[in-house]
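# Tertiary structure, described
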Amino acid sequence: MAHFEKANSLNEWLDQRIGVNTLKKVMQSEYWIPKNINFLWAMGMVLAATFGILLVSGIFLLMYYQPSTDLAFDSVNYTIMTEVGYGWLWRHVHGVGASLVFLIIYIHMFTGIYYGSYKKGRELIWLSGMLLFVLFSAEAFSGYMLPWGQMSYWAGMVITNLFSGGSLHADGLVEWIRGDYVPAQAYLSRFFMLHVLLLPLAIIGAIVFHFGTLRLPHVNNQEGKEVDFAESARLWKEGTTESRRKSEVIPFSPVFLSKDVFVMGVYFILFFYLVFYHFEFAMDPVNFDPANGLSTPTHIYPEWYFLWSYEVLRPFSTDLGLIAFATAQVIFFTLPFLDRSPNVAPANRRGLFHLWFWAMLADMLVLTFMGKLPPQGIWSTIGLVAAITFFVLWIALPIITKFEKKL
Amino acid sequence: MSSRRDFMGMALGGFTALGGIGALMAMKKTWDPLPSVKAAGFTTIDLKDAQENVLVTEKWRGKPIFVLKQSKAMVEKAKKAKEMDRLIKIGDDHFMVAVGLCTHLGCIPGYDSANESFLCACHGGMYDGTAMVTKAPPPRGLDIPPFTIDGTKLVLGEQGPEYKKMLADGTTLKV
Amino acid sequence: MNKELKILGIVAAFTLLLYWGVEPFAHSQMHKHVEGHGLVYDGTADIEEASKDKKEVKKKFWSEVKEIAKLKGDATAGEATFAMCAGCHMDGAANMGGVTPPSLDHAGAIYDKNFLIALIKDPAMATNVDHKYPNGDMTHPMGSITTMVSAPQDIANVVAYLKAKKAGEVTPKEAFTEACGRCHANRYGKLTQLGEIPKTKSNIKTNQDIDRMKYDQKVATEQNALAEYLGKLPPDLSIMYRARSEHFLDTFIENPQANLKGTAMPRTGLNHEGFEKVMEYLAETGDPSAPARAMAGPWVLLFFFIFTILAYLWKQSQWRDLH
């Protein structure tokens, strides 16, 4: 039994037992963030906030949602939208949030790529972040099944069919995933379970891990400069205006947090503008037709955030398309290892890599556009070229970074 | 640490709390019973065809409702026991209308028409023809649901003057 | 600061480009563009899209309609003729040839005059479903009207009567029931093809709701007759308001064939008032949260504006002495 003194305050009482002061130091007051950053560094907290919003709105939707193929559609579109007090608010917040969380994830990812924040000790940050991307994708897909509209059903049909592996004909695997020959009750129930329990648990775990990977290497800065954190921390703790100006770092809380919160405020204005006045983009009209296993809608396409990888699949023959698709899903994991340059610097100072960055961004944008258009005529050709470009860029990456001049 | 900095931090915190209260109010509304549930809280019972000393069970808000038309002898008995307040008079007929859940712990008592009495099988509580308790453990007679009289019909869920009087003089507790 | 604004500009530009590509641009490419005719029924579209052998027939038909429209109708005489219509179009009408004749209580208010004339003259032509009756071995359920009311003046009189006496104030729900509700249910509005679902109660002894079962059976019979007649059961319209764009609904209601070639759906001939009332009802059942959104939206946005300003001031005070 450890020795405990009588505590003089609640804070002291807690500190004796769970070390709140140490925790505060590690997580807030002495968690050093470089000064030289811009608002893109706030995207992590924006994502955390969006996840929180999705969690809360999801809890209230869960109270009235019925995971049954007969009732799901009306429980969402009638009960929640008509009967439940503010049910419509939770649904629109959940739908818009699901779309925006991917917008911010992509911004967050490309920020990391631009500033080289995935190497020299920061590999695990990148890998855990990519793990989160995959988990969020699974979460988004499983959630898309739940209203059991036409898009839910046919997205479920098409995506699960990917697991047949083309000419491998692993139909048994597809049936195992669905629990039926087609997406039906068993399928809806298990994707409901994935969406509201297993995947959120995994996401929460991965978020904690992602934060953990960040603590020792610290976040990167706008110049990719190696900061002497010990010296800068000493200067900050000295506490004079003079020394604080000289210090290259600020504590996470409250200084960095104050900027995070401001960025979040701007983001929330956009978020709630969309929730109240422009939610249609996040709720496809086709999904307002109830699921019908005997009639495929004229146009089916995934939500916008999956379009680029969908388009990588589409222009090729079945097997090649599946290989391309599977590769595209995991290729971003390999970024820290394919980038052979030791430079941690913004892309604009890295020669050819600068070009690579904008080419990749533009190519993914083109793939996204083509992914939604009907695969005919010129759109198919552009899609094919963009898909090939995507892989050429990845093959080129180790070569151009190998010959990159050391800064 | 300048005081202005603390002030702005606290102002923001306070304002955020205000928004939090708004969100909590929305959440409370979400948790409320649905309008369709509330609308189902009204049931109309037509008493025209009720027979003397034959127990009819209706459903109101998911609970069983006992309706028992009193025979002349039963009314006499009720008069003697000073339990006329518990009966509802419609035209020349008297009716016992009560929530069919034992006031002890909520089981449904069974009716014995030969003895004109109710017996709750769970813990042996007994009630007479006006649903007044005659044997413990139930603390009181069966509760009377809110009602209003509309011709020969009874609308359950609405508080009519007769029901309000019963509430006021303690004949029944509020259900 | 300037640098941050520049970065914000780049992020915003890419986001907007992304939005443009996957929403307005993609949708403009995906859907066939159908031009509306402003809910005017003069046969223009019908003649344009008709096959060669049908063109002349259609031209002739619509020019005759135009001639009848010029006649001055006598509402009083029309009332007498209308008795023939009322033989089928009455309360509690029975299903005839697949569909129950709709109520005409507000026909004068919600339907276009030219359309009504055309409808009496030749129901299949007017509703642009003549392709369903190619050889005359099957007739339109309302086909018998052509033998009952055929003289141009009689037609003009009946339409004048409808426009004068059956044109009272109409609610959105009535407009929907009369114009769409005989074929389309609206379960969120508690409507079946037989109208409003009656309130029934289960029998406490047997725990069965006999009245409801009888009603359901009647609905099933009606739906089966409709499906036999139209080839499939017309979809429930509860949230069609969100499943289709307003432009689609507008052009589709005006002329179903233009959007869905070969569809069994007849043109309903709604005029502006009728269309607006029907849309109002579709919005009521399909997007019931619109009023609540309009009420809460400005307050929530105001909250976040103030939140952002306070957060900015906090940030400024924290960062003031750092550089």
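## Concerning the overall build of chain A
Across its full length, chain A holds 17 helices and two strands. The C-alpha radius of gyration computed for chain A amounts to 24 Å, which stays within 12% of the reference 22 Å derived for 407 residues, consistent with globular compactness. Its C-alpha atoms put chain A at 75 × 60 × 45 Å along the principal axes. Buried residues in chain A amount to 41% of all 407 residues. Considering only contacts within chain A whose residues lie at least 6 apart along the sequence, 74% involve residues at least 24 apart.

## Quick word on the packing of helix α6 (residues 113-121) of chain C against helix α9 (residues 152-165) of chain C
All names here are of chain C. Closest axis-to-axis distance for the α6/α9 pair is 10 Å, and the angle between their directions is 135°. What the angle tells us is that α6 and α9 run oblique. The two elements α6 and α9 cross, and the hand of that crossing is right-handed. Along its contact with α6, which presents Lys113, Leu116, Ile117, Ile120 and Lys121, the element α9 presents Ile155, Val158, Val159, Leu162 and Lys163. Of the residues assigned to the contact of α6 with α9, the class counts are seven nonpolar, no polar and three charged.

## What about the environment of Trp60(B)?
Residue and element names in this part refer to chain B. As for its placement among the helices and strands, Trp60 is situated in strand β2 (residues 55-60). For the pair Trp60 and Met96, spaced 36 residues apart in the sequence, the C-alpha separation amounts to 16 Å. Those residues within four positions of Trp60 in sequence are excluded, and the remaining contacts are Thr43, Ile65, Pro145, Leu156 and Gly157.

## Quick look at the domain arrangement of chain A
Residues and elements named next belong to chain A. You can read the domains of chain A as domain 1 (18-297) and domain 2 (301-407). Taken over C-alpha atoms, the centre of domain 1 sits 22 Å from the centre of domain 2. At the interface, 25 residues of domain 1 touch 19 residues of domain 2. If you list the elements that add at least two residues to the side of domain 1 that touches domain 2, you get α5 (87-115) and α6 (123-145).

## A few points about the interface of chain A and chain C
The interface is formed by 42 residues belonging to chain A together with 39 residues belonging to chain C. Of the residues forming the side of chain A that touches chain C, the biggest block, 14 residues, is contributed by helix α12 (residues 252-277) of chain A. Residues belonging to the side of chain A that touches chain C are distributed by class as follows: 28 nonpolar, eight polar and six charged.

## Brief notes about the sheet that holds strand β7 (residues 117-119) of chain B
The pairing of strands in a sheet happens through backbone hydrogen bonds and is either parallel or antiparallel. Residues and elements named next belong to chain B. Spatially, the four strands line up as an open sheet ordered β6-β7-β8-β9, and their pairing is antiparallel. Every interior strand has two partners, whereas the edge strands, β6 (110-112) and β9 (133-135), have only one. Bridge analysis of β7 against strand β8 (residues 126-127) gives two bridges, and the strand direction is antiparallel. Directly across from Phe118, in β8, lies its bridge partner Tyr127.

## A look at the interface of chain A and chain B
Contacts between the two partners involve nine residues from chain A, matched on the other side by nine residues from chain B. In terms of residues, the side of chain A that touches chain B owes the most to one element, α5(A), which gives three residues. Here the residues of the side of chain A that touches chain B are counted per class, giving six nonpolar, two polar and one charged.

## Thoughts on the pairing of β2(B)
A regular strand carries its side chains on alternate faces of the sheet. Residues and elements named next belong to chain B. Both β2 and strand β3 (residues 63-69) contribute to a ladder of six bridges, which runs antiparallel. Opposite Leu55, over in β3, you have Leu68 as the bridge partner. Following β2, the chain reverses through two residues before pairing antiparallel with β3; Arg61 in that reversal takes a positive phi of roughly 50°.

## Some words on the nonpolar core
Val46(A) and Phe271(A) are the most contacted members of the largest nonpolar core, which totals 82 residues. Take this core: its biggest share by element is 14 residues, from α12(A). Contact partners of Phe271(A), with chain neighbours within four places excluded, come to Val96(A) and Leu100(A). Among the nonpolar cores identified, the runner-up in size contains 50 residues, and Tyr41(C), Tyr161(C), Val170(C) and Phe275(C) belong to it.

## Comments concerning the confidence of the model for chain C
Residue and element names in this part refer to chain C. On average, residues of chain C score 90 in pLDDT, and 98% of them are at 70 or above. Across chain C, strand β1 (residues 191-192) holds the top mean pLDDT of 96, while helix α8 (residues 145-148) sits lowest at 84. Two summary scores accompany this predicted model of the complex, namely pTM at 0.91 and ipTM at 0.94.

## Comments concerning unusual backbone geometry
Cis geometry is found at the peptide bond from Ser253(A) to Pro254(A), where omega equals 5°. Within the secondary structure, Pro254(A) is located in helix α12. With omega at 15°, the peptide bond leading from Ala136(B) into Pro137(B) counts as cis. On the secondary structure map, Pro137(B) appears in the loop between β9 and β10 (147-150). One non-glycine residue, Glu116(B), lies in the positive phi region at around 50°. Positionally, Glu116(B) belongs in the loop between β6 and β7. Judged by C-beta crowding, with 17 C-beta atoms within 10 Å, Glu116(B) ranks as partly exposed. Residue Asn128(C) is not a glycine yet carries a positive backbone phi of 60°. Here Asn128(C) is to be found in the loop between α7 (123-126) and α8. Overall, the presence of 24 C-beta atoms within 10 Å leaves Asn128(C) in the buried class.

Calculation criteria
Residues numbered from 1 in each chain as written. Chains lettered and ligands numbered in written order. Predicted model: local features only at pLDDT ≥ 70, side-chain atom pairs only at ≥ 80, totals over all residues. Helix = DSSP H or I, 4+ residues; strand = E, 2+ residues; numbered from the N terminus. Rg over C-alpha atoms; globule rule 2.2 N^0.38 Å. Buried ≥ 20, exposed ≤ 12 C-beta atoms within 10 Å, placed from the backbone. Contact = placed C-beta atoms within 7 Å. Axes fitted to C-alpha atoms, helices over the stretch in contact; angles between N-to-C directions. Parallel < 35°, antiparallel > 145°, perpendicular 65-115°, else oblique. Left-handed = near helix turned anticlockwise from the far one by under 90°. Nonpolar A, V, L, I, M, F, W, Y, C, P; charged D, E, K, R; others polar. Domains from an automatic or database assignment. Pairing = 2+ DSSP bridges. Core = buried A, V, L, I, M, F, W, Y, C linked by C-beta atoms within 7 Å. pLDDT = per-residue confidence, 0-100.

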